[in-house]
Amino acid sequence: MSVRAAVMTAPEKPVELWDIDDPVLEPGSVLLETLASEVCGTDVHLHKGRLAGVPYPIIPGHVSVGRIIEMRGVDTDATGAALQSGDLVTFYDVHEVCNACYHCTVAQQPNRCRSRRVYGITYSAHDGLLGGWAERIYLKPGVRTVRLPEWLDPDYLIGGGCGLFTGFGAIERSDLAMGDTVVVQGSGPVGISAAGFAVLRGAGRVIVIGAPDARLSLVQEFGADDVLSLENESIEARKAFVLDATDGRGADVVIEACGNPSAISEAFGLLRDGGTYVIAGHYTDTGTVEINPHLDINQKHIDVRGQWGTEFRHVVRSLNVLTKHHERLPFHRVIGKRYGLADTNAALADVAALRVSKAIVDPSC
Ligand SMILES: [Zn+2]
Ligand SMILES: [Zn+2]
């Protein structure tokens, strides 16, 4: 049978509907029926051609949830949980790291492995159903699946999408201590996730800077103590608020989750001396910004850390936390709209214009 897929043929070209052949399963592979995939800022960047090395035409959709249709010689997920047909799973979009290069073995940064491939980003549509914007997804041998509890509404995962994992990774990377004051720059899915996991990790106070107001209300549902509107409060007012909230010191941790270069220079003024700044929102190149190395970094004696994408442990651990605390991580509420495979151009336009908080591709729509 043939499978319908939404294909991004080239930057700035409308996404097309293609019929792609059902795969012949290799040993160790899994075929999923797609329940939902996400549309995130990265897909907008892909559509504008802002990421190097993308083999257009591609089937976008890197984080997805599905049900197992068929498996060949697979009986557990990547954590050892038994798997059978019909099970609800997600999977780690990054794979084919070599476990042999310097990055894999010595630096232990498999994200920087040159062999690394990513579903929905670095596979051509000519290679098969290797992206989530399709009725079915083919999980090649070695792709790491994670079984989800049957009672968990998949919207809790897909409403966060990759932002759920990236926000978790950013909080882990910050080494946030219990009681710390945290400022999150950005109220999209990454910022919402970072705020929610900061609260659960024991932050003393979580302040989120973002826009529009609907997103700031959402982030309060994840436990943020204070929200500062980019639209209504000046950069000076935002700094004054954070300094006032910390007896003039500045926040212990600042998480960048907005993808706007201007946030970087603002952050140094919000961070206390010796604090930690994690930059997680610049997965693609959105430009440069001026910094003063003496005043912003050296004299302040701060840590500046990058969080590029996520590793498999972030997926497993964040889902463990989500399973236990789903009532405090209402990612399903972040979903703004569901789009069918024929409507992905509208989805991209809505995400680019920030008209929806989280856009979901649902092939059953
Ligand atoms: Zn490697
Ligand atoms: Zn994404």
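Throughout this description, residue numbers start from 1 for each chain and increase along the sequence as written. As a convention, the first chain written is A and the first ligand written is 1, with the rest following in written order. Two thresholds apply to this predicted model, a pLDDT of at least 70 for residue-level local features and 80 or more for giving and counting side-chain atom pairs, whereas whole-chain, interface and lining totals are computed over all residues. Note: side-chain values were computed over all heavy atoms of the structure, leaving out hydrogens and water.

1. Concerning the coordination of the zinc ion (ligand 1)
Coordination of the zinc ion (ligand 1) by the protein involves Cys98 (SG), Cys101 (SG), Cys104 (SG) and Cys113 (SG), with metal-donor separations of 2.3 Å. Its 4 donor atoms give the zinc ion (ligand 1) angles of 105 to 117 degrees at the centre, a pattern that matches the tetrahedral case. We note that the donor set of the zinc ion (ligand 1) lies within a single chain, spaced as C-x2-C-x2-C-x8-C. Judged by relative accessible area, which is 31%, cysteine 98 ranks as partly exposed. Think of it in three bands: residues with accessible area under 20% of the maximum for their type are buried, residues over 50% are exposed, and the middle band is partly exposed, with areas taken using a 1.4 Å probe on protein chains only. What makes cysteine 101 partly exposed here is its relative accessible area of 22%. Sites may look incomplete because water is not among the atoms; the donors themselves are N, O and S atoms within 2.8 Å of the metal, or within 3.2 Å for Na, K and Ca. Every angle between 85 and 135 degrees makes a four-donor site tetrahedral, while opposite donors more than 155 degrees apart, with all other angles between 65 and 115, make a four-donor site square planar and a six-donor site octahedral; other sites are irregular.

2. Structural notes on the environment of isoleucine 171
In this structure, isoleucine 171 sits in helix 4 (residues 162-174). Any two residues whose heavy atoms approach within 4.5 Å at even a single point are treated as in contact. Discounting chain neighbours no more than four positions away, the residues touching isoleucine 171 are Leu176, Ala194, Phe197, Ala198, Arg201 and Ile255. Runs of E in the DSSP output that reach at least two residues are strands. Runs of H or I that reach at least four are helices, and both are numbered from the N terminus.

3. Here's the deal with the coordination of the zinc ion (ligand 2)
Tetrahedral metal sites with four donors have an ideal angle of 109.5 degrees; octahedral sites with six donors have ideal angles of 90 or 180 degrees. Protein coordination at the zinc ion (ligand 2) comes from Glu38 (OE), Cys40 (SG), His62 (NE2) and Cys162 (SG), with a distance range of 1.9 to 2.6 Å. Viewed at the metal, the 4 donor atoms of the zinc ion (ligand 2) are separated by angles of 84 to 125 degrees, and the geometry they form is irregular. Every donor residue of the zinc ion (ligand 2) comes from the same chain, spaced as E-x1-C-x21-H-x99-C.

4. As for the domain arrangement of the protein
In this entry, domain limits derive from an automatic or database-based domain assignment. Domain parsing of the protein yields domain 1 (2-151 + 330-361) and domain 2 (167-306). Contacts between domain 1 and domain 2 engage 14 residues on the former and 12 residues on the latter. Buried area is a sum: the accessible area each of two parts loses on coming together, probed at 1.4 Å, counted once for each and added. Carbon and sulfur atoms make up 67% of the area that domain 1 and domain 2 hide from each other, which totals about 1200 Å². For the domain 1 face of the interface with domain 2, the top three residues by lost area are Pro330, Phe331 and Arg333, together amounting to 33%. A pair is scored as a salt bridge if a Lys or Arg side-chain nitrogen falls within 4 Å of a carboxyl oxygen belonging to Asp or Glu. Linking domain 1 with domain 2 are 1 salt bridge. We call two N or O atoms a polar contact when they sit within 3.5 Å, provided that within protein one can donate a hydrogen and the other can accept it, with sequence-adjacent residues counted only if both atoms are side-chain atoms. Here domain 1 and domain 2 share 3 residue pairs in polar contact (both at pLDDT 80 or more) between them.

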